[in-house]
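Descriptive structure summary
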Amino acid sequence: MPTLSPLAPTVAPPELHITSMVVHALPQRLPDVRDAILAIAGSEIHGASDTGKLVVTLEAPSTDDMMARISEIQRLDGVLASALVYQHADTLAAMNEEIGDAHGS
């Protein structure tokens, strides 16, 4: 009977997850919500309105990390709602691949 060799564990290549979302906060809590979001690793705020809406992007190395960051935002004091607008995940190698323009450069 042949001896089976143990399979070597496979290591997934590093990934990058990017998400954009709209966060709706109480207008009077907006400064605190902004500060709390910006304290989250990989977060950026790209726009805000006086009515309490924020356009946020997040970057994270895994699905679990991304979900934790989204959940952290949703639980912030003053946040009324959030809506995921876009999500993309790929390997870091693919994300760092240079894409040529129409002229091949």
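About the thresholds
- Residues numbered from 1 in each chain as written.
- Predicted model: local features only at pLDDT ≥ 70, side-chain atom pairs only at ≥ 80, totals over all residues.
- Heavy atoms only, no water.
- UniProt positions renumbered as here; feature names shortened; annotations may be inferred.
- Pairing = 2+ DSSP bridges.
- Helix = DSSP H or I, 4+ residues; strand = E, 2+ residues; numbered from the N terminus.

- You'll find the protein entered in an unreviewed UniProt entry as Chaperone NapD, with Achromobacter pestifer given as the organism.
- Reading the Subcellular location (unreviewed entry) entry of the UniProt record for the protein gives the comment "Cytoplasm".
- Looking at the Sequence similarities (unreviewed entry) heading of the UniProt record, one finds this comment for the protein: "Belongs to the NapD family."

**Brief notes about the pairing of strand S1 (residues 15-25)**
- Across 11 bridges, S1 lies against strand S4 (residues 79-91) in antiparallel orientation. Note on S4: the bridge partner recorded for Ala25 is Val79.
- Where S1 meets strand S3 (residues 53-60), eight bridges bridge the pair, whose relative direction is antiparallel. Looking at S3, one finds that Val22 is bridged to Val55.

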